[in-house]
Amino acid sequence: MSVTENSGEVMVRAKAEFLKQFGKDYGYPDAAKDIDEIRASDFKRLQGLVYLDHAGATLYSEAQIEAVAKDLTSSVYGNPHSQSDSSLATCDIITAARQQVLDYLNASPKNYRCMFTSGATAALKLIGECFPWSRESCYMYTMENHNSVLGIREYAFDHGAAAVAVDVKEGTCLQNGSHESSFEFFEHTVQRRAHLFQQNALNGKTSGNTYNLFAFPSECNFSGQKFSLDLVNYVKEGGGKPLTGSPHRRGRWMVLIDGAKGCATEPPDLTRYPADFVVFSFYKIFGYPTGLGALVIRSEAAKVLTKTYFSGGTVSASIADVDFIKRRDNIEQVFEDGTISFLAIASIRHGFKIINTLTHSAIARHTASLATYTRTKMMDLKHENGAEVCKIYGRNTSQAPYQDMGPTIAFNLKRADGSWIGYREVEKLASLSGIQLRTGCFCNPGACAKYLYLSHSDLIANFEAGHVCWDDNDILHGKPTGAVRISFGYTSAFEDAEKFLGFLDNSFVEKLNASGDGYPLRMKTDPILGIGSLQLVRSVQLKSITVYPVKSCAGFAVYKWPLSNIGLKYDREWLLKGPTGEILTQKKVPEMCNIRSFIDLECGILNLESPRCKERLHIPIQENSSFDYMEEMDFYGQRYKVQCYNDEVNMWFSEAIARRCTLVRCSNSEYRSCNIMGGRGNMCRDTWGKLNFVNEAQLLLVSEESVGDLNSRLNSDFLKDTSECVQRVLVDAERFRPNLVISGAEPYAEDVWKSLYIGKAHFTSLGGCNRCQMINLDQQSGQLRRAKEPLATLASYRRVQGKIFFGILLRHKIKDAEDGEQKNFGERWLQVGQEVYPSIREYQMTVLLALLKNSVTVVMQLGDTSNEGTLLFPVLDLLGSQRILPVVLDMELESSSFENGLVSNKEFYQHLIPCGGGILQWSTSKSCTGLIRESIFSKKRMNGSVDDG
């Protein structure tokens with residue numbers, strides 16, 4: 001039975017158990033189509049994709065878009081500010097649309113009006129601009145509010161009003177024999193801009209009627225917590241005595257509900273909860289159209305709003321050269337500036353048709369069943385040591401009834417040792433698994449700080465450390481800066497939830513006796529594990545050399561090439577910038593891989609060609625030639641002095657990539673030296689070497705054997721998956737854009753190399769290269785693979801704390817080189833076929849560990865020189881608690897065997913001499929002479945105790 005069949009059976013069993021508990025609520029059992037039929041007929045584009053960001057934007061139905069297209073192609077809708085037949089038809093559509101909105105909120109047209117805006121944010125802005133603020137007013141809002149709601153306080157401050165955030169605790173009390181909701185408000189610091197308050201006081205801006213505004217979301221877009229709509233009556237009817245008890249909160253209270261999130265599944269009933277203002281966006285409910293929202297306003301509340309600006313459609317009459325205007329009496333016309341988006345408004349009836357067919361109460365039950373199931377399963381996830389995997393945010397999430405929580409789950413993940421897993425790591429791996437979710441604070445700073453226990457000092461410290469919205473700083477000072485969020489919508493299915501749970505289990509749950517995969521990532525483990533059987537004589541050679549003159553464009557292979565103190569001569573010395581100064585790479589412009597380059601060292605010319613350009617481009621590489629002017633630019637936080645080229649060069653590149661760009665060259669006298677240490681957001685790891693336009697280090701090395709192992713895994717996955725949509729993906733070394741490719745080593749042997757020699761050139765390893773989705777781009781065709789390979793497979797076995805490693809980064813520095821120049825240029829060249837070997841300590845340590853693993857007894861000779869005398873200590877460190885007694889021989893090592901502190905692979909193995917009895921002696925002599933003064937050691941004796949004698 002195949003893996004796919006087994007997975008399918010597991011899914012069937014899990015769904016059967018789910019339906020036993022939630023079958024009455026899940027899947028629209030009373031509708032014409034159940035959820036499986038809806039997905040099959042109207043959301044075919046979701047095949048192979050798990051979409052869990054309905055709080056960000058729900059998805060439109062294919063049938064809905066077809067109906068919109070049919071409507072717009074068969075009807076004529078004119079500008080509503082006219083009296084033509086087509087304009088009158090538009091007016092009728094708009095009137096019907098307003099009524100549909102009111103019906104959706106169960107709002108009587110006698111008491112409420114609907115105004116169309118460009119979205120919920122625009123509706124909130126309109127309230128802030130028009131609200132009758134005074135210096136006695138107060139703007140109160142719950143901590144869990146979107147930035148668009150918080151922004152209203154700027155209008156309050158401008159009028160000298162106060163603003164205060166509150167936490168609301170709900171309870172129940174017994175009144176007139178029935179249980180009713182009661183609330184307790186916990187206020188944060190009252191905010192007021194003193195100079196504006198004093199200014200308004202001096203201006204005498206007081207009024208007999210003071211208006212205050214209280215704002216809360218029907219559902220928190222961060223945690224999914226629902227707020228009781230009883231807050232509306234509690235605040236408006238004066239039951240909330242804390243709101244009126246202090247001097248700066250006198251007057252009438254009005255209530256604003258942010259329904260942007262809640263309206264998608266449970267719109268507020270305005271007959272029961274007569275809020276003054278409700279705002280929402282239509283794309284959050286049924287996906288299309290975007291750029292359209294509504295402000296539903298109580299008629300009495302509309303009378304107190306004051307609008308300053310007037311525009312087309314909002315006035316009955318105006319005179320251009322006299323201060324005279326007559327505003328319209330119709331409330332909607334007064335507040336809707338200009339021509340409203342009437343074609344988008346005409347489209348919403350097709351969305352409402354789908355929602356009304358299913359009913360919003362059924363949608364609420366359907367989404368709640370999925371969220372409740374998923375939330376429960378997440379809380380049950382445990383590591384092998386019993387530690388919890390998921391930290392879910394919200395009000396008493398482990399005890400709260402599902403009615404109190406919306407179909408949104410915010411969480412962070414922890415490792416078995418209690419350390420946090422960054423939310424960006426989760427997002428990247430989810431994307432590779434075909435799961436779409438969202439991370440960060442979701443524009444809700446109050447909820448984020450509240451649930452993540454981030455104090456004001458924490459938030460300021462994070463900002464000073466460089467953290468801003470949408471960056472990769474997911475963990476700072478030991479705390480998450482945001483969270484992961486999944487959210488369900490009316491189109492979500494059980495399979496979405498189950499695949500997401502499987503993703504968490506497979507990717508983040510640490511399990512007992514997890515099976516190995518043959519070549520684990522050695523950088524994160526003891527090198528003695530996974531080294532395996534090591535051949536005693538094996539030649540490792542440099543297989544290819546590739547130079548990439550222009551960053552992110554195609555490189556060229558050479559047989560030999562000069563080295564400098566910045567790596568390969570001319571490597572990534574040029575780059576392309578966009579019109580606004582952004583650095584262009586294949587991530588943004590895949591077509592860059594089609595720009596071919598070659599440098600003729602004898603002629604001193606950089607030659608470039610592109611299939612989109614008729615002529616080749618030739619650029620002299622001699623310093624201080626062919627460029628127009630110098631300027632400074634920023635590159636990943638470092639300042640560069642660069643040479644800029646003329647319009648002819650820039651037009652060639654613009655034609656090659658079909659977008660405007662400019663070419664710049666790193667000035668040889670201004671090579672960057674990355675001196676920023678630490679920080680998760682810092683890309684550069686080479687803090688000592690001189691750098692051109694590279695991200696992290698001077699050179700990248702990849703092993704053919706490592707590529708071969710990856711291909712065997714890709715081929716194995718292809719054979720296991722029987723679905724027709726899966727394509728076979730095999731890669732070559734070129735896919736990873738390496739400078740150096742080696743051949744002859746064990747797969748991933750390079751992971752443990754701290755330094756190496758190629759010929760006589762010495763390189764320091766800076767660790768593994770963190771790979772991104774750029775390796776999914778076929779360098780020949782410039783096309784991205786839909787299967788997201790090979791990165792998805794690499795993530796399954798080469799991941800360490802959010803980074804997916806393949807290949808190693810290297811630094812080369814010529815000893816006699818000075819900044820910006822080098823001596824004896826011709827003496828430092830790399831050449832294909834040169835032998836590659838790590839420096840003596842790392843390589844010999846690897847050999848010794850392999851011998852120990854295979855129960856070979858090793859006799860080690862320690863000489864008097866520092867090189868030989870310290871050889872044993874790295875071995876001791878790596879073996880940890882295993883006790884080693886070194887063997888000391890009378891004979892000293894011959895120093896002539898070393899050159900610059902190294903011995904070649906072949907020469908080193910010649911010093912491993914069989915001495916009989918399963919003993920190997922490491923010596924520069926070919927015989928086993930010498931007196932053993934102390935006990936030898938063996939693997940058997942290391943596992944027990946070793947006598948001191």
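Residues numbered from 1 in each chain as written. Predicted model: local features only at pLDDT ≥ 70, side-chain atom pairs only at ≥ 80, totals over all residues. Heavy atoms only, no water.

Undergrad: Help me understand the overall build of the protein in this model?
TA: For the protein, the count of helices and strands is 27 helices and 43 strands. Expressed as a percentage of the 949 residues in the protein, the buried residues total 52%. For the protein, long-range pairs separated by at least 24 residues make up 71% of all intrachain contacts whose partners lie at least 6 apart in sequence. About 43300 Å² of surface is accessible on the protein, with carbon and sulfur atoms providing 50% of the total. (Helix = DSSP H or I, 4+ residues; strand = E, 2+ residues; numbered from the N terminus. Buried < 20%, exposed > 50% of the residue type's maximum accessible area, 1.4 Å probe, protein only. Contact = heavy atoms within 4.5 Å. Areas by Shrake-Rupley, 256 points an atom, 1.4 Å probe, with all protein chains shown as cover.)

Undergrad: For this particular structure, what's the right way to read the sheet that holds strand 27 (residues 617-620)?
TA: Strand pairing in a sheet relies on backbone hydrogen bonds. The paired strands run either parallel or antiparallel. In spatial order, the strands read 25-26-27; together these three strands make up an open sheet with antiparallel pairing. The open sheet is flanked by strand 25 (596-600) and strand 27, the only strands paired with a single partner. Going across the sheet, the axis of each strand differs from the next one's by a mean of 20 degrees, ignoring polarity. Relative to the sheet, helix 20 (residues 647-657) contacts strand 26 (605-609) and strand 27, its axis offset from that of strand 27 by approximately 135 degrees. (Pairing = 2+ DSSP bridges. Axes fitted to C-alpha atoms, helices over the stretch in contact; angles between N-to-C directions.)

Undergrad: Would you mind going over a nonpolar patch on the surface with me for this structure?
TA: Together, Ile-319, Val-322 and Phe-324 make up an exposed nonpolar region whose accessible area comes to about 250 Å². Relative to the helices and strands, Phe-324 is located in strand 11 (residues 324-327). Taking the relative accessible area as the measure of exposure, Phe-324 reaches 40% and is therefore partly exposed. (Patch = residues over 30% accessible without salt bridge, like charges linked within 9 Å, V, L, I, M, F, W, Y side chains within 5 Å. Salt bridge = Lys/Arg side-chain N within 4 Å of Asp/Glu carboxyl O.)

Undergrad: Help me understand the packing of aromatic side chains in this model?
TA: Each aromatic ring pair is specified by the distance between its two centres and by the angle formed by the two planes. Tallied over the entire structure, the rule returns 35 aromatic pairs. Look at Phe-556 and Trp-561: their rings are 5.4 Å apart centre to centre, the planes differ by 75 degrees, and that puts the pair in the edge-to-face class. Accessibility assignment for this pair places Phe-556 and Trp-561 in one class, buried. Through pairs of rings, three or more aromatic residues link up here, namely Tyr-104, Phe-116, Phe-280, Phe-282, Phe-286 and Phe-352. The positively charged end of Arg-485 is found above the aromatic ring belonging to Phe-442, 4.6 Å away from the centroid. In this arrangement the basic side chain of Arg-713 is found over the ring face of Tyr-797, its NZ or CZ atom lying 3.8 Å from the centre. (Phe/Tyr/Trp six-rings, centres within 6.5 Å; stacked < 30°, edge-to-face > 60°. Lys NZ or Arg CZ within 6 Å of the ring centre and 35° of its normal.)

Undergrad: What is the right way to look at the side chain of Glu-705 in this model?
TA: Checked against the element boundaries, Glu-705 lands in helix 21 (residues 704-720). Classification of Glu-705 as buried rests on a relative accessible area of 19%.

Undergrad: Whenever I open this one, the UniProt feature "active site" (unreviewed entry) in the protein confuses me. Can you help?
TA: Sites flagged by UniProt as "active site" (unreviewed entry) map to Cys-443. Mapped onto the elements, Cys-443 comes out in the loop between strand 16 (438-440) and helix 17 (445-451). If we ignore the near neighbours within four places in the chain, the residues touching Cys-443 are Asn-145, His-146 and Asn-147. (UniProt positions renumbered as here; feature names shortened; annotations may be inferred.)

Undergrad: Would you mind showing me how to read the nonpolar core here?
TA: One broad rule of soluble globular proteins: the nonpolar side chains tend to lie buried together. Formed by 135 residues in total, the largest nonpolar core has its most connected members in Val-101, Phe-116, Phe-185, Phe-222, Phe-282 and Phe-500. Top contributing element to this core by residue count: helix 14 (residues 342-358), with eight residues. One finds Leu-568, Met-592, Ile-595 and Leu-606 within the second-largest nonpolar core, a separate group that totals 49 residues. (Core = buried A, V, L, I, M, F, W, Y, C linked by side-chain atoms within 4.5 Å.)

Undergrad: Looking at this structure, how should I read the state of the cysteines?
TA: By definition, a disulfide links the sulfur atoms of two cysteines through a covalent bond. Using the criterion set out here, one finds one disulfide in the structure. In this model, Cys-441 is linked to Cys-448 through a disulfide, with the two sulfur atoms separated by 2.1 Å. Its relative accessible area of 24% is what places Cys-441 among the partly exposed residues. Cysteine Cys-772 remains unbridged, with the sulfur of Cys-769 as its closest cysteine sulfur at 8.3 Å. Residue classification places Cys-772 among the partly exposed residues on the basis of a relative accessible area of 27%. (Disulfide = S-S within 2.5 Å.)

Undergrad: Whenever I open this one, the sheet that holds strand 23 (residues 567-568) confuses me. Can you help?
TA: Pairing in this open sheet of three strands is antiparallel, and the strands run 23-22-39 from one edge to the other. At either margin of the open sheet sits one strand with a lone partner, and together these are strand 23 and strand 39 (829-831).

Undergrad: I would appreciate a short explanation of the UniProt feature "modified residue: N6-(pyridoxal phosphate)lysine" (unreviewed entry) in the protein in the present structure.
TA: Look at the UniProt record and you will see "modified residue: N6-(pyridoxal phosphate)lysine" (unreviewed entry) annotated at Lys-284. In contact with Lys-284, other than residues within four places in its own chain, are Ala-55, Gly-56, Ala-57, Thr-58, Ala-260 and Ala-264. Among the polar contacts made by the side chain of Lys-284, one reaches the main-chain carbonyl oxygen of Ala-55 at a distance of 3.4 Å. (Polar contact = N/O pair within 3.5 Å; in protein donor to acceptor, adjacent residues only side chain to side chain.)

Undergrad: I keep staring at the environment of Tyr-640 and nothing clicks. Help me out?
TA: Looking at the secondary structure, you find Tyr-640 in strand 29 (residues 638-644). Spatially, the C-alpha atom of Tyr-640 lies 9.2 Å from that of Asn-692, the residues being 52 residues apart in sequence. At 2.7 Å, the side chain of Tyr-640 forms a polar contact with the backbone oxygen of Asn-692.

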